[in-house]
Amino acid sequence: MAAIVEDALEPSLQSLLDQRSLRWIFVGGKGGVGKTTTSCSLAIQLAKVRRSVLLISTDPAHNLSDAFNQKFGKEARLIDGFDNLSAMEIDPNGSMQDLMAGGEPGQGNDDLNALGAGAGGMGGMMQDLAFAIPGIDEAMSFAEVLKQVKSLSYETIIFDTAPTGHTLRFLQFPSVLEKALAKVSQLSSQYGPLLNGFLGQGGQLPNGQNLSEMMEKLESLRETIAEVNTQFKNEQLTTFVCVCIAEFLSLYETERMIQELTGYGIDTHTIVVNQLLFPRQDSNCDQCGARRKMQRKYLDQYEELYAEDFNVVKMPLLVEEVRGKEKLERFSEMLVKPYVPPE
């Protein structure tokens, strides 16, 4: 049995609702642990005490539409039944090519093909840039979203993030973009004489851009993300909610994530443990009892490791899917009022 933590924090997310200064809240964890349900539920609770809340999915699976039974896209739109809670889903694929090509989303490949055909090695150069740096595509996508979000007036923004590895890359995007700028500069020097011969006076590419314009775009994004990065490392403005289940791999992933977030200087002091079984005392289900015993072992480890410095919230496994506004609202109540299992 785990030792009792005398100074354990409240097993609730109420502290996030009370921290009025919070602007950015990331919700992340291993795939399949209930991140989307948790982020939607937290957004619902925040909407009760904030002027305006925006929920953004950066997960390619895009589960927000399924969770609320409503279609969302790359533009923020109000969630049905709310007047101060909006959602949007962004596609992390292709944004780098779109940016470099200067076209509308989805047109990047065509424009790059045109570049390749019309400017010798230019298309290859841009693809070189897009793929030479791990995580650059996600970083550019995230930076574009942040640029858009900055111009909006939402009081709090919640990110329903991709599985852990992608999320941690997102949080590294300032340094990734710095590398991108260095790469562009290097390639510009390398291809400069060749481009002059192909492009002629003015250096215009087939899509009306030139390398200088691309550099300006990258520099503008770099300034935006540098400012946001400063905010991310301010615990008054930003926090990260770790979502997990009571199993070994999830415990391991949560510890790794907390260590990396600490290394990035990003505040995290909340853990949500989902899908917990609370079988009745008179239950004759052997599988339920065995599963609960295993979960209890790992839950004890979560509490021993984190209860003194983290709000560890315990959420039950329900007998139905948590989909739709009403079910999400009921689930969200348990984030702020600890679940009490039946006798």
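Just so we're clear, the structure is a prediction, and the values are computed from it rather than from any experiment. Numbers given for residues are sequential positions, taken from 1 along each chain in its written order. In keeping with the predicted nature of the model, local features appear solely for residues at pLDDT of at least 70, side-chain atom pairs appear and are counted solely at 80 or more, and the whole-chain, interface and lining totals rest on all residues. Hydrogens and waters are ignored; side-chain quantities use all the structure's heavy atoms.

Asks: I keep staring at the sheet that holds strand β4 (residues 85–89) and nothing clicks. Help me out?
Replies: Strand pairing within a sheet occurs via backbone hydrogen bonds; the two strands may be parallel or antiparallel. Two strands qualify as a pair provided that DSSP identifies no fewer than 2 bridges between them. Helical segments are the DSSP runs of H or I of at least four residues, strand segments are the runs of E of at least two, and each set is numbered from the N terminus. Read from one edge of the open sheet, 8 strands run β3-β4-β2-β5-β1-β6-β7-β8, paired in mixed fashion. Each of the sheet's edge strands pairs with one partner strand only, and the pair in question is β3 (77–78) and β8 (311–316). Of the pairings in the sheet, the one linking strand β2 (residues 53–57) to β4 comprises 5 bridges and is parallel in character. Pairing of I56 across the sheet is with M88, part of β4.

Asks: Sorry if this is basic, but what is going on with the confidence of the model for the chain here?
Replies: Predicted coordinates in regions of low pLDDT should not be interpreted in detail. The pLDDT score gives, residue by residue, the confidence of the prediction method on a 0 to 100 scale. Put simply, the chain has an average pLDDT of 78, and 63% of its residues get 70 or more. In what follows, residue pairs with any heavy atoms lying within 4.5 Å of each other are defined as contacts. Across residues 1–5, where pLDDT falls below 50, the model places 8 contacts with residues more than four positions away in sequence or in other chains. In this model residues 99–123 is a low-confidence stretch, pLDDT under 50, and it forms 52 contacts with partners more than four residues away in sequence or in other chains.

Asks: Explanation requested: the layout of surface pockets in the structure shown.
Replies: In this approach, a probe sized like a water molecule rolls over the atoms, and the result shows the empty space that is left. Residues are said to line a cavity or pocket when one of their atoms sits within 4 Å of a point; the points come from a 1 Å grid over protein atoms alone, cavities being sets where a 1.4 Å probe fits but cannot get out and pockets being open sets with protein on both sides within 12 Å along at least five of seven lines. Grid points are joined across faces, edges and corners, and a volume is the space filled by probe spheres set on the points. Counted as a void, the second largest pocket has a volume near 520 Å³. Around the second largest pocket, the lining comprises 22 residues; the ones closest to its centre are G34, T37, Q275, E321 and V322. Counting only elements with at least two residues in the lining of the second largest pocket, the list comes to α2 (35–47), α3 (64–68) and β7 (270–276). For the lining of the second largest pocket, the element with the most residues is α2, which contributes 3 residues.

Asks: Please explain α2 as it appears in this structure.
Replies: Since there are 3.6 residues in each turn of an α-helix, residues three or four apart along the chain are aligned in direction. One fewer than the residue count of a helix, multiplied by 1.5 Å, yields its expected span. When the terminal C-alpha atoms of α2 are compared, their 18 Å separation across 13 residues agrees well with the 18 Å that a helix rising 1.5 Å per residue should span. Using a 1.4 Å probe on the protein chains alone, a residue whose accessible area is under 20% of its type maximum counts as buried, one over 50% counts as exposed, and one in between counts as partly exposed. Most of α2 is tucked away: 12 of the 13 residues are buried. Three or more residues of α2 are buried, namely K35, T36, T38, S39, C40, S41, L42, A43, I44, Q45, L46 and A47.

Asks: How do you make sense of the packing of aromatic side chains when you look at a structure like this?
Replies: Here a Phe, Tyr or Trp ring, Trp counted by its six-membered ring, pairs with any other such ring whose centre lies within 6.5 Å, and the pair is stacked when the planes are under 30 degrees apart, edge-to-face when over 60, and tilted otherwise. A full pass over the atoms with the stated rule returns 10 aromatic pairs. With a centroid separation of 5.5 Å and an interplanar angle of 80°, the aromatic rings of W24 and F232 are classed as edge-to-face. Highlighted residues: W24 in strand β1 (residues 24–28) and F232 in helix α10 (residues 211–232), separated in sequence by 208 residues. With respect to burial, W24 and F232 carry one shared label: buried. Grouped by ring-pair contacts, the aromatic residues W24, F26, F159, F232 and F240 constitute a single cluster. A ring has a charge above it when a Lys NZ or an Arg CZ is no more than 6 Å from the ring centre and no more than 35 degrees off the ring normal. Residue placement shows R23 over the ring face of W24; its charged tip is 5.0 Å from the ring centre. For the cation-ring pair, K325 lies above F82, with the distance from its terminal atom to the ring centre recorded as 5.0 Å.

Asks: What exactly am I supposed to notice about a nonpolar patch on the surface here?
Replies: Like charges within 9 Å and nonpolar side chains (Val, Leu, Ile, Met, Phe, Trp, Tyr) within 5 Å are joined into patches, using only residues over 30% in relative accessible area that form no salt bridge. Here the accessible surface of atoms and residues is derived via Shrake-Rupley with a 1.4 Å probe, and residues count as covered only by protein chains that are part of the display. Salt bridges are counted wherever a side-chain nitrogen of Lys or Arg sits within 4 Å of a carboxyl oxygen of Asp or Glu. A cluster of nonpolar side chains, F248, L249 and Y252, forms an exposed patch at the surface whose accessible area comes to about 360 Å². Along the polypeptide, L249 turns up in helix α11 (residues 248–264).

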